[in-house]
Amino acid sequence: MNLTYQKEGRNCPVCRSEESQLLFRTRFSKISDNYLLDSYDVVACKTCGFCFADQIPNQGVFDKYYKNMSKYEESKSLSMDSQYDVKRFNQIVEFINSNIKDKNSRIVEIGCATGLLLSLLKKKGFNNLLGIDPSPSCVETIRNKYGIPSLLGTITDLSSIKAESVDLVILVGVLEHIRDLNLALMEIRNVLRSDGKICIVVPDASQYLNGNDAPFQEFSVEHINYFGPGSLINLMISQNFSKVVIDQQVFEVNFNTFTPVILNLFKKSKEKEKQFKYDMGTVTNFKEYIINCYEREKSIHDKIEKINIDKKPLIIWGTGAQTLRLLANSDLSKANIIAFVDSNPKYHGKKLNDISIISPEELKNMKETILISTRAYQNEIEDQIRQVLKLKNTIIKLY
Ligand SMILES: [Zn+2]
């Protein structure tokens, strides 16, 4: 697969201004044939205060990535749904149930992965559901596992859905991934009935400091928009939607891992509402979050320094955003790494910094120290090494 692409400057997706302030520059090491971004600039719009990733490829590159490389199918279709997913999706279902009274409402979830949210809505009695996802495997899983209709599609191409036929569009964890937000919202407007609504759930950039996750985790390889309530309202107003309700919550996404989110409902409106306001609250909190991440990451750099003193051979478990970032921004790349391990089969046989990515089973005869490089799954992986694989290798944890 040819992954050569041009990076392009990005006007503010909310107000289209070209004037922005650089807040942070992030870099990632690349997995062979399987990467989306190797760097981006986090900027704040000088006109409206929206924070977003600049210098990124065009929307076509993102569409292709989500179609071919989706990690969401692997993690959710092979195993049972995690108790954390069930809990937070039930919180979203409660929100929808309290705001949408008619159980016959035509509801479409875009970017529905393997359909857990749709299945919980079905249990609540909603009976006119449709899932849309760019991954063929996800679409199949929803049909087979829950008997819910589903179609292949992306948020920037909803041509498979009849115009003005939908009462509610649901977007959970989607808008933070989309480069062309205006195009996406125009497509959604087009499929909504005149009184149609849209339910959006995105990480809350005005509350990042209230979350609990690895440093800089909000700047992952895939997240390119950082909404606070103010900028989300600005964006929706610019596309002729008006606010129905906005709720700020903190979701427990994994063991001891918390993500602040905005849960909200907007409705299609005929004319544009009032002019937007500068989103001061988000920018202020967002800058503090970046400073806080640098502080918290110091202890990780110290551990890496200690690992590098004796240069013993090292196996690194986890090739997620944190590893990619540490390889590009710390001395981890100078460690004597002999292999990377990841449980996602899509990564096996690929290379990272010219070193092979292997499956957990391939660790069987390896005696070297294992560094676990993830915060959210650290304890699960330790259990897998000791209880499932029964390995006695020395383990180093970063948290
Ligand atoms: Zn702007």
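Residues numbered from 1 in each chain as written. Predicted model: local features only at pLDDT ≥ 70, side-chain atom pairs only at ≥ 80, totals over all residues. Heavy atoms only, no water.

Moving on to the coordination of the zinc ion. Around the zinc ion, the protein contributes the donor atoms Cys12 (SG), Cys15 (SG), Cys45 (SG) and Cys48 (SG), at 2.3 Å from the metal centre. Each of the four donor atoms bound to the zinc ion contributes to angles spanning 102 to 117°, and the resulting shape is tetrahedral. Within one chain, the residues serving as donors to the zinc ion are arranged as C-x2-C-x29-C-x2-C. With Cys12 in the segment before strand S1 (20-27) and Cys45 in strand S2 (residues 39-45), this pair connects stretches of sequence that are 33 residues apart. On the basis of relative accessibility, which here comes to 2%, the residue Cys12 falls in the buried class. For Cys45, a relative accessible area of 1% puts it in the buried group. (Donors = N, O, S within 2.8 Å, 3.2 Å for Na, K, Ca; no water. Tetrahedral: all angles 85-135°; square planar, octahedral: opposite > 155°, others 65-115°. Helix = DSSP H or I, 4+ residues; strand = E, 2+ residues; numbered from the N terminus. Buried < 20%, exposed > 50% of the residue type's maximum accessible area, 1.4 Å probe, protein only.)

Okay, the nonpolar core next. Residues Tyr40, Phe219, Tyr226 and Phe286 are the most contacted members of the largest nonpolar core, which totals 47 residues. The two domains that each donate at least three residues to this core are domain 1 (68-289) and domain 2 (311-397). Within the second largest apolar cluster, 37 residues are counted, among which are Ile155, Leu158, Ala184 and Phe241. (Core = buried A, V, L, I, M, F, W, Y, C linked by side-chain atoms within 4.5 Å. Domains from an automatic or database assignment.)

In this section: the sheet that holds strand S13 (residues 337-341). Strands in a sheet are paired, the pairing made by backbone hydrogen bonds, and the direction either parallel or antiparallel. Strand order in the open sheet made by the six strands is S14-S15-S13-S12-S16-S17, with mixed pairing throughout. In this open sheet, the two edge strands, each paired with only one partner strand, are strand S14 (351-352) and strand S17 (395-397). Pairing analysis gives two bridges linking S14 to strand S15 (residues 355-358), with the strands arranged antiparallel. For Lys351, the partnering residue across the bridge sits in S15 and is Ser356. Each of strand S12 (314-317), strand S16 (369-372) and S17 touches helix H10 (residues 378-388); the most contacted strand, S17, lies at about 175° to it. (Pairing = 2+ DSSP bridges. Contact = heavy atoms within 4.5 Å. Axes fitted to C-alpha atoms, helices over the stretch in contact; angles between N-to-C directions.)

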